[in-house]
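# Fold and geometry: a report
Residues per chain, in single letters:
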Amino acid sequence: MMQPIRRLAYELYARRLRAQLTHQPLPRHVAMVMDGNRRWARQMGFDDPGLGHRYGAEHIHEVLGWCAEMGIRHVTLFLASVDNMRKRASDEVEHLMRMVEEVVAEPLLRPANPWQLHLAGRADVLPDSTRHALKLAEDATRERGADCHLTVAIGYDGREEIVGAVRALLADEASAGAALDDVAQRLTADAIAARLYTGGQPDPDLVIRTSGERRMSGFLLWQAAYSELYFCDVYWPGFRKIDFLRALRSYAARGRRLGA
């Protein structure tokens, strides 16, 4: 537990950071790679590193509260890749999926929760119970309006997403009787983007990755083409509000050219 003097210093610093962001440009959409759960658990001395997944999952809702407080209404979270599902130990994957069901999906069902859930990824690589829990939450939150949108990337791979979008486009054109040469002539980036998992949603303005890793790991490869990237050295369960505000401060200080 934080000591009183340290807590006071933390709160004063958080207020200072918040004040620095007044009238500054803030991202409309923040995407986050929530990395470092197991390493955080080892750092904290837990015998079972898998406990980091529970703390990480519980932390999601606190971070969503920070986003809402700052007026950020679109959030995308990278929960698990296709490789995570296929290559990690089965007991770890089972534990992670249970946390997704119990700690991520279930709280979204509460009437007071403002977030509308969207899913991005391959449902076929998820356990039946996880797929059902997420679909239930997605259906239950569909009528919450257009204020707060949470996209969960699970069973996700950015390259597979792009390939799938192109396949869908070709299938649509073929069913309409279009010739391949004609499709090639009319092909546009917007046509592909509309068929991504995130079709119709704004691209992320800011991508945050925790744990000190400095790579995208296949996350939103198409959507993040012009995103600002921020790499944070703390592990996800230890990601503090001041770390979040520092990321926003860094974003506000950048002159975005969006490829110009």
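Residues numbered from 1 in each chain as written. Predicted model: local features only at pLDDT ≥ 70, side-chain atom pairs only at ≥ 80, totals over all residues. Heavy atoms only, no water.

Applicable threshold: UniProt positions are given in the numbering used here, feature names are shortened, and annotations may be inferred rather than shown by experiment.
The chain appears in an unreviewed UniProt entry as Isoprenyl transferase from Micromonospora coerulea. Taken directly from UniProt, the Function (unreviewed entry) text for the chain runs: "Catalyzes the condensation of isopentenyl diphosphate (IPP) with allylic pyrophosphates generating different type of terpenoids." What UniProt states about the chain under its Sequence similarities (unreviewed entry) heading is, verbatim, "Belongs to the UPP synthase family. Z-FPP synthase subfamily."

### Here we look at helix α7 (residues 158–175)
In an α-helix, one full turn covers 3.6 residues, which means residues spaced three or four apart are oriented alike. What counts, and what does not: Only DSSP runs of H or I with at least four residues qualify as helices, and only runs of E with at least two residues qualify as strands; both kinds are numbered from the N terminus onward. Expected span, for any helix, means 1.5 Å times one less than how many residues it has. Three exposure classes are used, based on accessible area relative to the maximum for each residue type with a 1.4 Å probe and protein chains only: buried under 20%, partly exposed in between, and exposed over 50%. Directions from the helix axis toward the C-beta atoms define the arc. The criterion used for residue contact is that any of the two residues' heavy atoms lie within 4.5 Å.
Compared with the 26 Å implied by 1.5 Å per residue over 18 residues, the 26 Å span of α7 between its first and last C-alpha is a close match. Along α7, the residues that are buried comprise Gly158, Glu161, Ala165, Leu169 and Glu173. In an axial view of α7, the angular spread of the buried residues amounts to 105°, which keeps them on one side of the axis. Those residues of α7 that are exposed and angled more than 90 degrees off the buried face are Arg159, Arg167, Ala174 and Ser175. Tucked into the core, α7 has its buried residues touching β4 (148–156), α8 (180–186) and α9 (189–193). Remark: Gly177 follows α7 within two positions and exhibits a positive phi of approximately 85°.

### Quick notes on the packing of helix α1 (residues 4–20) against helix α10 (residues 241–253)
Here is the rule we go by: Throughout, an axis means a line fitted to C-alpha atoms (over the contacting stretch in the case of helices), and angles, computed between N-to-C directions, take values from 0 to 180 degrees. Every angle not falling under 35 degrees, over 145, or within 65 to 115 is termed oblique; those three ranges are roughly parallel, roughly antiparallel and roughly perpendicular. For any helix crossing, the convention is left-handed if the near helix is rotated counterclockwise from the far helix by under a right angle, and right-handed if that rotation is clockwise. In this count, Pro and Cys sit with the nonpolar residues alongside Ala, Val, Leu, Ile, Met, Phe, Trp and Tyr, while Asp, Glu, Lys and Arg are called charged and the others, Gly among them, polar.
The interhelical angle for the contact between α1 and α10, taken along N-to-C directions, is 20°, at an axis separation of 10 Å. With respect to α10, the element α1 is oriented roughly parallel. Between α1 and α10 lies a crossing of left-handed hand. Residue-level inspection shows Tyr10, Tyr13, Ala14, Leu17, Arg18 and Gln20 of α1 in contact with α10, the latter providing Lys241, Ile242, Leu245, Arg246 and Arg249. When grouped by side-chain class, the residues that make up the contact of α1 with α10 number six nonpolar, one polar and four charged.

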